[in-house]
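Observations on chain architecture
Given next are the chains, with one letter for each unit.
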Amino acid sequence: MDRRSKRQQRQAQEDALFNRMLLWIGGAVVVELLLLLLKSAYVDMRFGVGVANGLLKFFEIYRFAGLLLALAGIVWLALAFRGRKSLVLPAAVTAALFGLWVTTTLAYQLFDDGLRILLALPAVAGVLILVYFLYQPTFFINTVLTCGGLAALWLQRHYFLNHPNFIRACFVGGLLLLAGSAVLTRMLDIGDGKLKGIRLAPDDMLYPAIYLTCILTGAAMLLSLLLGGAAPFYLMLFLFGWLFVQAVFFTVKLM
């Protein structure tokens, strides 16, 4: 293959990647519009009290049923993984069920505060989409983990006084996810990027960076929960600093 053909092939791959990125960002925009429509119907009641009450009844039921359905989706995904079948459909269905459960729980438990939180999520997702397509997998994973910690600290800073039990539950769930991420990273590290013979991580994955991110994010969350007061603000600055250091490091690696 001559140099011109290689350049054309590379250009075609970059165009396909760019189009995929645009599709994902477009999906985030659609989700934002749907959440705005939900806020109009549920919080602002622009479509009448009957519609708002119907949504409330649905949320009341789905906050329990949705969790069971999401767990069933995870089981389906695990069975497909073990059987080495396509993961696209079970992953898409599970993500949709889980996303709807998160939306339902926040809207039911926090009402207008929950919708404000939900409206910020598509913007965060847009940033994560850019990181996924432009940077190495290690930085994407660390960005997701760090953003999770930042979200927990932000929730504590703004909503702990009004919803202390809900915020504590979010912290417990976040710490469990960090622990699970560290265990999965260790398994992939031992298996040279493979889990049960299936490659899940590239050869150049920087596992120590993921371990360090799990430790720093978990420590920041624990300290914030224990200290309270102004601690969430300063610990958010710390996590922002850690994210900035990683951004500089992985940007230099791209050059």
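Described in the following lines is the structure provided in the data block. (Residues numbered from 1 in each chain as written. Predicted model: local features only at pLDDT ≥ 70, side-chain atom pairs only at ≥ 80, totals over all residues. Heavy atoms only, no water.)

**Observations concerning the overall build of the protein**
Applied cut-off: Numbering of helices and strands runs from the N terminus, with a helix taken as a DSSP run of H or I at least four residues long and a strand as a DSSP run of E at least two residues long. Partly exposed residues are those whose accessible area sits between 20% and 50% of the maximum for their type, while under 20% is buried and over 50% is exposed, using a 1.4 Å probe and protein chains only. Residue contacts are defined here by distance: any two heavy atoms, one from each residue, within 4.5 Å place the two residues in contact. Computed with a 1.4 Å probe, the accessible areas rest on the Shrake-Rupley method; for each residue, only the protein chains presented here act as cover. Here the positive residues are Lys and Arg and the negative ones are Asp and Glu; neither His nor the chain ends is included. Charged side chains are reduced to one point each, which is NZ for Lys, CZ for Arg, CG for Asp and CD for Glu.
A count of helical and extended segments in the protein gives 8 helices and 2 strands. Taken from N to C terminus, the helices and strands of the protein fall in the order α-α-α-α-α-α-β-β-α-α. If you line up the protein on its principal axes, its C-alpha atoms span 65 × 40 × 35 Å. Looking at the protein as a whole, 33% of its 255 residues qualify as buried. Partitioning the intrachain contacts of the protein with sequence separation of at least 6 by distance along the chain shows that 67% fall at a separation of at least 24. Approximately 15600 Å² of the protein is accessible, and the part contributed by carbon and sulfur atoms is 71%. Averaging the locations of the 21 positively and 12 negatively charged side chains of the protein gives two centres separated by 5 Å.

**Regarding the nonpolar core**
Stated formally: What is meant by a nonpolar core is a set of buried Ala, Val, Leu, Ile, Met, Phe, Trp, Tyr and Cys residues, joined one to another through side-chain atoms within 4.5 Å.
Tyr-42 and Leu-115 are the most contacted members of the largest nonpolar core, which has 36 residues in total. Listing elements by their share of this core, those giving two or more residues are helix H1 (3-42), helix H2 (49-82), helix H3 (88-110), helix H4 (112-134), helix H5 (137-159), helix H6 (164-190), helix H7 (207-227) and helix H8 (231-254). Looking at this core element by element, the count peaks at 6 residues for H5. Apart from the residues lying within four places of it in its own chain, the contact partners of Leu-115 are Leu-35, Leu-38, Lys-39, Tyr-42, Val-43 and Ala-107.

**Let's talk about H6**
As a reminder of what qualifies: Multiplying 1.5 Å by the helix residue count minus one yields the expected span of that helix.
For H6, built from 27 residues, the straight-helix expectation of 39 Å at 1.5 Å per residue is met to within 8% by its first-to-last C-alpha distance of 39 Å. The complete set of buried residues in H6 reads Phe-166, Ile-167, Phe-171, Gly-174, Leu-178, Thr-185 and Leu-188. In this fold, the buried residues of H6 make contact with H3, H5, strand S1 (194-195) and H7. Just beyond H6, the residue with positive phi is Asp-192, at close to 55°.

**So, a nonpolar patch on the surface**
Just so we agree on the cut-off: Nonpolar side chains (Val, Leu, Ile, Met, Phe, Trp, Tyr) are joined into patches within 5 Å and like charges within 9 Å, using only residues with over 30% relative accessible area and no salt bridge. Salt bridges are identified by distance alone: a Lys or Arg side-chain nitrogen within 4 Å of an Asp or Glu carboxyl oxygen.
On the surface, Val-30, Leu-34, Leu-37, Phe-47 and Val-51 cluster together to form a nonpolar patch covering roughly 460 Å² of accessible area. Of note, Leu-34 is situated in helix H1. Given the relative accessible area of 53%, Leu-34 is considered exposed.

**Quick look at the packing of H1 against H4**
Rules: Axes, fitted as lines to C-alpha atoms, cover a helix only where it is in contact. Angles between the N-to-C directions of the axes lie from 0 to 180 degrees. In this scheme, roughly parallel covers angles under 35 degrees and roughly antiparallel covers those over 145, while 65 to 115 is roughly perpendicular and the rest are oblique. Each residue is assigned to one class: nonpolar for Ala, Val, Leu, Ile, Met, Phe, Trp, Tyr, Cys and Pro, charged for Asp, Glu, Lys and Arg, and polar for all the others, Gly among them.
For the pair H1 and H4, the least separation of the axes is 9 Å and the interaxial angle reads 180°. Regarding the angle of H1 to H4, the classification is roughly antiparallel. In terms of residue class, the contact of H1 with H4 is made up of 17 nonpolar, no polar and 3 charged.

**Some thoughts on the packing of aromatic side chains**
As a reminder of what qualifies: Any two rings among Phe, Tyr and Trp, with Trp reduced to its six-membered ring, count as a pair given centres within 6.5 Å; such a pair is stacked if its planes are under 30 degrees apart, edge-to-face if over 60, and tilted if neither.
By the definition in use, this model includes 12 aromatic pairs. Arranged with centres 5.1 Å apart and planes meeting at 90°, the rings of Tyr-132 and Phe-133 form a pair that is edge-to-face. Residue classification places Phe-133 among the buried residues on the basis of a relative accessible area of 11%. Measuring from ring centre to ring centre gives 5.8 Å for Trp-154 and Tyr-159, while their planes differ by 75°; the resulting arrangement is edge-to-face. Connected via pairs of aromatic rings, a cluster forms that spans Tyr-42, Phe-58, Phe-59, Tyr-62 and Phe-111.

**So, the packing of H3 against H4**
A pair of packed helices is captured by two measures, namely the crossing angle of their axes and the spacing between those axes. Where H3 contacts H4, the two axes come as close as 6 Å, and the packing angle between them is 145°. Residues Thr-103, Leu-106, Ala-107 and Leu-110 of H3 form the contact with H4, whose own contacting residues are Asp-112, Asp-113, Gly-114, Leu-115, Ile-117 and Leu-118. In terms of residue class, the contact of H3 with H4 is built from 6 nonpolar, 2 polar and 2 charged.

**Structural notes on the side chain of Thr-94**
We count it as follows: By the criterion applied in these results, polar contacts are pairs of N or O atoms within 3.5 Å in which, for protein atoms, one can donate a hydrogen and the other can accept it, and in which residues neighboring in sequence qualify only through two side-chain atoms.
With respect to the helices and strands, the residue Thr-94 is situated in helix H3. The class for Thr-94 is buried, based on a relative accessible area of 9%. Reaching out from Thr-94, the side chain makes a polar contact with the backbone oxygen of Gly-73 at a distance of 3.0 Å. In contact with Thr-94, not counting residues within four places along its chain, are Ala-70, Gly-73 and Ile-74.

**What to know about unusual backbone geometry**
Phi at Met-45 is positive, roughly 55°, even though this residue is not glycine. Within the secondary structure, Met-45 sits in the loop between H1 and H2. What makes Met-45 partly exposed here is its relative accessible area of 39%. Residues other than glycine seldom take positive phi values, yet Phe-111 does so here, at roughly 55°.

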